[in-house]
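# Commentary on secondary and tertiary structure
Okay, here's what each chain looks like letter by letter:
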Amino acid sequence: MSRQTNRARAWLGTIARKASLLAGKANLLLLVLACASVATAQVPRERVFVANQTDGTISAFDTDKVNNGGDVVDFLVPDTLQFPALNAPTLLALNPMLHYGYATELTTGSLAVFDTLSNDNLVGGISTGGQVYARVPLSIPLPLGVCVTPDGSLVFVGNAERAVGLATPTADLVSVVDAERFVELGTIDVSVVGGFGPIDVCASPDGARIYVACSASTNVVVIDVATLTPLFAVALPTADTPVRICITNDNAFVYVACADGADGDASGEVAFFDVPTLTTGLVAGLVPGTSNPNDVFANHANDILYIVDTGLEFVLVVSIATQSVITSVIQTGTTTLANAQFGCINADDSFGFVTDTGTPDVKNFNAASNIHLQVYPTGAGPFGIASMALANLSAAGAANVQRVRESREDRNKGLCFVATASYGNTGEVASLRAFRDLYLMPTKFGRSFVDLYYESSPGVASAISGNDDVRASVRGGLVPVVWAARLVMGMGSGLAAAAGALLALAAGAGIGRRLMTSARRTA
């Protein structure tokens, strides 16, 4: 080995060590600044997110704009430069502790994790500013209902296998995902206590229990979060099919929307039980032979329950005090529901939102007057919907967001250091970042390679960023890698993880060879 080569390696090593120290300080400063921006008015007060199942996107709405007649869609998830489409995003859950969103991907048995804090809030247009962080492969092939524990630590995912007539070994499993690390921790078999077909899930406000609506047994299974074990099942007083579940914010009542089922009356029902006593009942006032509840959601004041009724194509308003329908939301003109699906209410209980696949759009209503107000276009097939307050992060909440995002970046940086140093912040870097998060990070091999690459890449990136000739050389080496990454993401192939590992190795080898060649020339 020549003296020049040794000097070149020593030179690169010295630069890498110094650059790592500087990069650590710079990254900390950037994280502090980014976190500070979260706590300011740069983000809306509140957003509503809609899963557009057919076109593979999520629409993000600023509720202040919506309710005051301004611009409608803030941005779309995913950013089209980052990833072409989600795989039939179906139902949503939002994590107020970490400010992540989770969407079940029905056609690929996975959970997509996306950013809810994008500040790409253009006036007069839609910004494609929604970043997808990860795709989490699940052990259940048809994930549907999803919820997050109040502390933001765990995500639970229901399973639609039995609802579509499948009875495989995984049909009665609920998936459990680490909300912070984006990995499946395991599954819970609810059949051991008489739960079959765990289609939907909700978390108790104290975070102690998960309630699971079971489509093939008309039961609600109660899971203990501390031990991740099923405790018992509550039998609902109906022969209809449970499809959606919710719990009131005061932990008093669990409600289950039950679609028309085995009782032959061509009508569904809404069942409930009292949480402390497990006393069960049915909501009164639904229209016999016509009603077919598809969703239930309660307001935060714990006095009103809303039923999205696909049979009547109405939103029914229920008094929780009397457990009976008291009115329905008034529809006029273009606000008439064509094929109502799911609904939610905003943080201060002033406005409700309902997805309508027949139009397609979202219709909102005034919760005080129960009158439909406006129509807001979505992508094709609007399905699941959820809302979350954003701008009122406490100091502790902002610190938690900073901690988690710093931890995520420490785990995931890998490919981006050298690419950013070579290209700058461009579409090529966005493609590589998406490829890393969605195809490398879900696999053990991919995570190992990213971790190994991360150990050396910051210093190398610093070394090449100041040399135009080296940067040009590295860009040339990355061209086929960027092309292949985009090709794999566009194909959505089941072999993507293996291809991703090979691409990553190719990128690392190619960049390494060019760096050493440039280092020799410099020496």
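Residues numbered from 1 in each chain as written. Predicted model: local features only at pLDDT ≥ 70, side-chain atom pairs only at ≥ 80, totals over all residues. Heavy atoms only, no water.

### Points about the nonpolar core
- Core analysis: the largest hydrophobic core is formed by 51 residues, its most contacted members being Tyr102, Leu111, Val155 and Tyr211.
- Sequence-distant contacts of Val155, defined by excluding residues within four places in its chain, comprise Tyr102, Leu111, Val146, Cys147, Val148, Ser175, Val176, Val177 and Ala179.
- By size, the runner-up hydrophobic cluster in this structure holds 18 residues, among which are Cys246, Ala252, Ala259 and Ala298. (Core = buried A, V, L, I, M, F, W, Y, C linked by side-chain atoms within 4.5 Å. Buried < 20%, exposed > 50% of the residue type's maximum accessible area, 1.4 Å probe, protein only. Contact = heavy atoms within 4.5 Å.)

### Here's the deal with the packing of aromatic side chains
- Per the stated rule, a full pass over the model turns up eleven aromatic pairs.
- Ring centres 5.2 Å apart and planes at 75° place the aromatic pair Tyr100 and Tyr133 in the edge-to-face group. Taken together, the residues Tyr100 in strand 5 (residues 100-105) and Tyr133 in strand 7 (residues 132-137) connect sequence positions 33 residues apart. One exposure class covers both Tyr100 and Tyr133, and it is buried.
- Among the aromatic residues, ring-to-ring pairing joins Tyr100, Tyr133 and Phe182 into one connected group. (Phe/Tyr/Trp six-rings, centres within 6.5 Å; stacked < 30°, edge-to-face > 60°. Helix = DSSP H or I, 4+ residues; strand = E, 2+ residues; numbered from the N terminus.)

### Observations regarding the confidence of the model for the protein
- Of all residues in the protein, 61% have pLDDT values of 70 or greater, and the mean over the chain is 78.
- Note on residues 1-42: pLDDT under 50 across the span, and 39 contacts to partners over four residues away in sequence or across chains.
- Segment residues 492-498: pLDDT under 50, and six contacts once partners within four positions in sequence are set aside and those in other chains are kept. (pLDDT = per-residue confidence, 0-100.)

### Thoughts on the sheet that holds strand 22 (residues 314-319)
- Pairing in this open sheet of four strands is antiparallel, and the strands run 20-21-22-23 from one edge to the other. With partners counted over all chains shown, the strands left at the sheet margins are strand 20 (293-298) and strand 23 (324-328), one partner each. Geometrically, the sheet is characterised by an average inter-axis angle of 30° between neighbouring strands, direction not taken into account.
- As judged from the five bridges shared by strand 20 and strand 21 (residues 304-309), these two strands associate in the antiparallel manner. In the strand pairing of strand 21, Pro293 is matched with Asp309. (Pairing = 2+ DSSP bridges. Axes fitted to C-alpha atoms, helices over the stretch in contact; angles between N-to-C directions.)

### A few points about unusual backbone geometry
- The omega torsion across Val77 and Pro78 is 0°, close enough to zero to call that bond cis.
- Relative to the elements of secondary structure, Pro78 occurs in the loop between strand 3 (73-77) and strand 4 (89-95).
- Along the chain, Thr359 connects to Pro360 via a cis peptide bond; the corresponding omega equals -15°.
- Within the secondary structure, Pro360 sits in the loop between strand 25 (351-356) and strand 26 (361-366).
- Even without a glycine there, the phi angle at Asp349 is positive, about 65°.
- The residue Asp349 is located in the loop between strand 24 (340-345) and strand 25 in this model.

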